[in-house]
Amino acid sequence: MTYRYRIASIFLLGFFIDCINIFMSAIALPAIADDMQISIVSVTWVSNSYILGLTLIIPLSHWLSQRFGIKALMVTSMLMFSLSVALVGYSHSFSELIFWRFIQGVSGGLLIPIGQALTFQYFQGHERSKISTLIMAIALIAPAISPTLGGFIVDVISWRWVFYSNIPFSLLTAFLAFIWVKEPLPKENTIPDIKGIILISLIIVSGLFALSAYGEYHSTLLAIVIAVFSIIFAVLYYYHYRHHSSPVINLALLKNRNLSLSIFIYYCIPGVFTGVNILAIFYLQQYLKFTGQGTGIFMLLYALGAFISMTISGALYNKLGMKSLFIIALLLHSTGIFLLTFLNDNTDIPLLIIAYLIIGVGGGIGANTAQTTALYDFNTQKLVQASVIWNINRQVVFSVGATVVAMLFNILSLFCLPQTAYSMTFLICALIGILPLILLFTLKKKVITQEIQDEF
C-alpha cells in the first residue's frame with residue numbers, strides 16, 4: 001500500500017468511527033431516554049454534545065497539528081477518544097453522559113479535518129471524486145452495520161455497550177497512525193483564532209438551545225431571548241471576521257457557489273434524514289413495538305439504496321453535472337420520507353422497505369455529490385480553510401436536523417394524537433427536503449440567460 005493510501009485509510013477509519021457514533025448511538029436513544037427518564041428533545045443532546053465537541057475543536061486542529069505534528073495529533077486524538085467513550089458508557093447520570101460525550105467529540109474532532117485535508121492534498125483534481133466516493137462509501141457502511149449491531153446490543157446487553165464497542169476501532173486507528181504517518185513538523189505555527197472559535201461555538205450552542213427551549217418547554221419568550229443572543233454572537237463574529245487577518249471561518253469562501261450550495265443541500269438531505277431517522281426509531285420502537293435490532297435492520301436497506309446510487313452517481317458526476325444529480329437526489333429523498341407518513345402498523349413492512357430504499361438512493365446521490373462539489377474548487381491553504389467550514393457544517397447539520405425534527409414533533413404532539421404528530425412531522429420534513437430545488441432551478445435559469453446574452 002502506497003503512503004497516500006495509508007493516509008487515506010487512517011482518515012477513512014476515523015471517519016467510520018465518527019459515523020458509527022452518530023448512527024449506533026441513535027438506535028440507543030429510546031433506551032437511554034427510558035433509563036434516564038428524559039424526553040425526545042432532551043435525549044437529542046446525546047448527539048448534540050458530541051457534535052458540539054467536534055465543532056469546538058475542528059478549527060483548532062490545524063494549529064495543533066502545526067504545534068505538535070500531525071502524527072502526534074492523530075495518535076492522541078484516538079487515545080483520548082478511547083478513554084472518553086469508555087466513560088460515556090460508564091455514566092450514571094444524564095449530565096455526566098452529556099459531559100463525556102462532549103469530550104468524546106473534542107477528541108474525535110482532532111483527527112477528521114486534518115485527515116481529510118492531508119488526504120485531499122495527496123489526491124488532486126479528478127482523483128478527489130474517487131476519494132469522495134470512498135468517503136461516502138464509509139458513510140454508508142457505518143449506517144448499514146451500526147444500527148443493526150447497535151439494536152442487537154441494546155436488546156441483549158445494554159445501551160452502554162453501544163459506546164464500549166467503539167474502543168477497538170479507535171485503538172486500531174491510533175496504532176495505524178503511530179506506525180504509518182511520517183509527516184514532518186511544519187515550520188510555520190499560525191496562532192489560532194480563539195475569539196472566533198468561542199463566538200462560533202456560542203452561535204451554535206445558543207441556536208440549538210433556542211430550538212430545544214421551544215420544543216421542550218414550549219416557551220416562545222425563552223426561545224426568542226436565546227435566539228437573540230445567537231444573533232448577537234453572529235453579528236459579533238462578523239465584525240471580528242472583518243477585522244481579523246486569519247479568522248477561524250473565512251466567510252469569503254462561502255461566496256463560492258459550489259461550497260455554499262453543497263452546505264445548503266447537506267442540511268436538507270443528511271440533516272433532515274438524521275432527524276427523521278431518530279423520530280422513526282422512537283416511532284417504531286415505542287409505538288409500533290419493533291425491537292432495537294428490528295429497527296436497525298431498516299438502515300441496511302437505506303445503506304443498500306445509497307450504495308447503489310453512489311456507485312452510479314460517482315460515475316455520472318462528470319457527465320450529468322452536479323445540478324442534475326442534486327435535483328434527482330432531492331426528489332427521491334423527499335419521496336421516501338413522504339411515504340413514512342402512511343406508516344400506521346407494524347405490519348407495514350413493505351412500505352418501510354420501499355421508503356428506506358428510496359431515501360437511501362436519494363441520500364446517497366445527494367451526499368456524494370455534495371461531498372465532491374463542496375471542496376472541488378480549492379487547493380493549498382484555501383483547501384484547509386474550506387475543509388474546516390465543510391467539516392463544521394457536516395457535524396452541525398446532524399444536530400440541527402435532530403433538534404428541529406424533535407421540536408416539530410413535540411409541538412405537533414400538543415395538538416394531535418402521537419401517531420398523527422409523527423405523520424405530520426414526516427410530511428413537513430419531506431417538504432423541507434425539496435427547498436433547494438427553488439435555488440437549483442433559479443441558478444439554472446440564470447445560467448441559460450447568461451448564455452443567451454453571451455451569444456448576442
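Everything below is about the structure printed above this text.
Cut-offs used in this document
- Residues numbered from 1 in each chain as written.
- Predicted model: local features only at pLDDT ≥ 70, side-chain atom pairs only at ≥ 80, totals over all residues.
- Heavy atoms only, no water.
- Helix = DSSP H or I, 4+ residues; strand = E, 2+ residues; numbered from the N terminus.
- Rg over C-alpha atoms; globule rule 2.2 N^0.38 Å.
- Buried < 20%, exposed > 50% of the residue type's maximum accessible area, 1.4 Å probe, protein only.
- Patch = residues over 30% accessible without salt bridge, like charges linked within 9 Å, V, L, I, M, F, W, Y side chains within 5 Å.
- Areas by Shrake-Rupley, 256 points an atom, 1.4 Å probe, with all protein chains shown as cover.
- Salt bridge = Lys/Arg side-chain N within 4 Å of Asp/Glu carboxyl O.
- 1 Å grid on protein atoms, 1.4 Å probe; cavity = no way out; pocket = protein on both sides within 12 Å on 5 of 7 lines; lining within 4 Å.
- Points joined across faces, edges and corners; volume = space filled by probe spheres on them.
- Nonpolar A, V, L, I, M, F, W, Y, C, P; charged D, E, K, R; others polar.
- Phe/Tyr/Trp six-rings, centres within 6.5 Å; stacked < 30°, edge-to-face > 60°.

**Q** Account for the overall build of the protein, naming residues and giving values.
**A** When helices and strands are tallied, the protein shows 19 helices and 0 strands. In terms of overall dimensions, the protein is globule-like: its C-alpha atoms have a radius of gyration of 21 Å, near the 23 Å expected for 456 residues. By principal-axis analysis of the C-alpha atoms, the protein measures approximately 65 × 60 × 50 Å. Here the protein holds 456 residues, and 57% of them are scored as buried.

**Q** How would you sum up a nonpolar patch on the surface? Please name residues and give values.
**A** Side chains of Ile141, Ile145, Leu149, Phe152, Val156, Ile157 and Trp161 sit close together on the surface and give an oily, nonpolar patch of about 660 Å² of accessible area. Top contributing element to the nonpolar patch by residue count: helix α8 (residues 127-156), with 5 residues.

**Q** Lay out the layout of surface pockets in plain terms, naming residues and giving numbers.
**A** Picture a little ball the size of a water molecule; that probe, rolled over the atoms, points out where space is still empty. Space inside the largest pocket adds up to approximately 490 Å³. Taken together, 18 residues make up the lining of the largest pocket; nearest its centre are Ile203, Ile204, Tyr267, Ile392 and Val396. Put simply, the parts of the chain that give the lining of the largest pocket at least two residues each are α11 (194-217), α12 (220-242), α13 (257-287) and α17 (380-413). Tallying contributions element by element places α11 first for the lining of the largest pocket, with 6 residues. Residue composition of the lining of the largest pocket, by class: 16 nonpolar, 2 polar and no charged.

**Q** Any details on the packing of aromatic side chains? Residues and values, ideally.
**A** Enumeration according to the criterion identifies 20 aromatic pairs in this entry. Consider the rings of Tyr238 and Tyr241, whose centres lie 6.2 Å apart with planes at 40 degrees: the pair is tilted. A residue pair is termed a helical-turn pair when its members lie 3 or 4 positions apart in one helix, as Tyr238 and Tyr241 do in helix α12 at 3 residues. On the accessibility criterion, Tyr241 (17% relative accessible area) is buried. Between Phe338 and Phe342, the aromatic rings sit 5.3 Å apart at their centres with planes inclined by 90 degrees, giving edge-to-face as the arrangement. A network of ring pairs unites the aromatic residues Tyr283, Tyr287, Phe409, Tyr422 and Phe426 as a single cluster.

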